[in-house]
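# Results of the structural survey
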Amino acid sequence: MSRANTKDMKQLSQGPRLAEILRLLDERAFWTVSELAERFDVSEETIRRDARQLEQSGVIQKVHGGLSATSHKIEAPYRIRLRENAAAKQRIARKAAELVTDGMTLLIDSGTSCHWLARNLAAMRNLTIVTNSVEIAHEVLGNPGQRLLLAGGQINPIHNAAFGPEAQAFCQRFAPDLTILSMGAVDAARGFLDFDPDEAAFKQSLLGHARRVVVLADHSKFAKSGFMQVTSFREVQDLVTDEAPPTSVLEAAAQAETRIHIADGDASSSKESRTILV
């Protein structure tokens, strides 16, 4: 995958710059502050501020004169969740990618299913991707034919994403073709729920500007009971999952005219994914 060249990096705002710093630390475990300042054509104090923000997320550590990748980065909470039900999430991502066409503007939230979707979209061209997630920005940055817009503000170290008023205001400037959200729980009576109040509030703030809301949720979310309601079935046009939902969820979706897209099997399966038009 091609990545941003040096000229491009000198034009990056803070959000994409943070994502690019993470990519550079994947390539090399230590960079000096002066090297990064020269690479991005910013002051050393700017790099130190970036480093403080990334260190709060637990993905890097500041050392004398520079930045170093943390040895425990792979075990950060986000990375642990990324591995949970990974096969199901990857199938969901492939199915959800079928809803995306060239020229679209996508608003993608910070959920791990959305992370796998961003990876599946790498070969697509002429996309504009708006996100609040440093991790998803890391996936998108430098993809040919894709424009990245990253919301800023304080980074939540559990989700490696911004949820606060700055991020909400930034995302509300757009009217995306698809607003793609992961959810912590799906309930027939209460709709779509989450567990983190800040994350739930961020998702709620996007709904008023959304043209079409797509929720990604693996089968385990039908058995969970989130305590923060994000939205009802009425406001969700598409639910993408990996197994048929319980009858109660199917009935709630039918009543709200929410389409359910089910991705069966793994990548090598002879089964075809299907869509339930309800």
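If you're wondering where the values come from, they're calculated on a predicted model, not measured in any experiment. (Residues numbered from 1 in each chain as written. Predicted model: local features only at pLDDT ≥ 70, side-chain atom pairs only at ≥ 80, totals over all residues. Heavy atoms only, no water.)

### Section: the packing of helix α3 (residues 33–40) against helix α4 (residues 44–56)
At a minimum axis distance of 8 Å, the contact between α3 and α4 shows a crossing angle of 110°. Accordingly, the angle class assigned to the pair α3 and α4 is roughly perpendicular. Where α3 abuts α4, its residues Val33, Ser34, Leu36, Ala37 and Phe40 lie against Glu44, Ile47 and Arg48. (Axes fitted to C-alpha atoms, helices over the stretch in contact; angles between N-to-C directions. Helix = DSSP H or I, 4+ residues; strand = E, 2+ residues; numbered from the N terminus. Parallel < 35°, antiparallel > 145°, perpendicular 65-115°, else oblique. Contact = heavy atoms within 4.5 Å.)

### Points about empty space enclosed by the protein
Going through the model one piece at a time under the given rule, you end up with two cavities of 30 Å³ or more. As for the largest cavity, its lining consists of Gln14, Gly15, Leu18, Gln53, Val134, Leu150, Ala151, Gly152, Gly153 and Ile155. When residues of the lining of the largest cavity are assigned to their parent elements, the largest contribution, three residues, is made by helix α2 (residues 14–27). The class makeup of the residues in the lining of the largest cavity is five nonpolar, five polar and no charged. One number sums up the size of the second largest cavity: a volume of about 30 Å³. (1 Å grid on protein atoms, 1.4 Å probe; cavity = no way out; pocket = protein on both sides within 12 Å on 5 of 7 lines; lining within 4 Å. Points joined across faces, edges and corners; volume = space filled by probe spheres on them. Nonpolar A, V, L, I, M, F, W, Y, C, P; charged D, E, K, R; others polar.)

### So, the layout of surface pockets
By volume, the largest pocket is sized at about 350 Å³. Lining the largest pocket we find 21 residues, and of these Arg81, Thr112, Met183, Gly184 and Lys221 sit closest to its centre. The set of elements that each furnish at least two residues to the lining of the largest pocket consists of α7 (112–120) and α10 (197–206). Its residues placed into classes, the lining of the largest pocket shows two nonpolar, nine polar and 10 charged.

### Comments concerning the nonpolar core
The tendency in soluble globular proteins is for nonpolar side chains to be buried as a group. Ranked by size, the top nonpolar core spans 83 residues in total, and within it Leu121 and Leu216 carry the most contacts. Looking at this core, the element that brings in the most residues is α2, giving six residues. Not counting the four nearest positions on each side in its chain, Leu216 is found in contact with Ile92, Ala96, Ser113, Cys114, Leu117, Ile180, Leu181, Ser182, Met183 and Val240. (Core = buried A, V, L, I, M, F, W, Y, C linked by side-chain atoms within 4.5 Å. Buried < 20%, exposed > 50% of the residue type's maximum accessible area, 1.4 Å probe, protein only.)

### A look at the sheet that holds strand β3 (residues 66–69)
In space, the three strands of this open sheet follow the order β1-β3-β2, with antiparallel pairing throughout. Both edges of this open sheet fall to β1 (30–32) and β2 (60–63), since each of them pairs with a single strand only. Across the sheet, the mean angle separating the axes of adjacent strands is 25° when strand polarity is ignored. In this sheet, β3 lies alongside β1 in antiparallel orientation, the contact comprising three bridges. When the bridges of β3 are listed, Thr32 appears paired with Gly66. Contacts between α4 and the sheet are confined to β2 and β3, with β2 contributing the most and set at about 135° to the helix. (Pairing = 2+ DSSP bridges.)

### With respect to the pattern of salt bridges
Applying the stated criterion across every chain yields a total of 16 salt bridges. Between Arg17 and Asp50 there is a salt bridge, with the nearest N and O atoms lying 2.6 Å from each other. In this pair, Arg17 sits in helix α2 while Asp50 sits in helix α4, placing the two residues 33 residues apart along the sequence. Residue Glu199 is joined to Lys203 by a salt bridge in which the shortest nitrogen-to-oxygen separation is 3.4 Å. Taken together, the residues Glu199 and Lys203, both in helix α10 and four residues apart, mark about one turn of the helix. Both residues of the pair, Glu199 and Lys203, belong to the buried class. Here the salt bridges do not stand alone but share partners, grouping Glu44, Glu45, Arg48 and Arg52 into one network. (Salt bridge = Lys/Arg side-chain N within 4 Å of Asp/Glu carboxyl O.)

### Things to note about the confidence of the model for the protein
Looking at the protein, pLDDT values average 86 and 86% of them are 70 or higher. Counting interchain partners and residues more than four positions distant, the pLDDT-below-50 stretch residues 266–273 has 10 contacts. (pLDDT = per-residue confidence, 0-100.)

### Observations concerning α7
For α7, a buried count of seven out of nine residues is recorded, marking the element as mostly surrounded by other parts of the structure. Residues of α7 that are buried: Thr112, Ser113, Cys114, His115, Trp116, Leu117 and Ala118.

### A few points about the sheet that holds strand β11 (residues 191–194)
The strand order β10-β11-β13 describes an open sheet built from three strands, whose pairing is antiparallel. A strand with exactly one partner marks an edge of an open sheet, and here the two such strands are β10 (185–187) and β13 (228–231). Sheet twist, expressed as the average angle between the axes of neighbouring strands with direction ignored, equals 40°. Bridge count between β11 and β13: three bridges; the pairing is antiparallel. Along β13, the bridge assignment pairs Leu193 with Gln229. Contacts between α10 and the sheet are confined to β11 and β13, with β13 contributing the most and set at about 15° to the helix.

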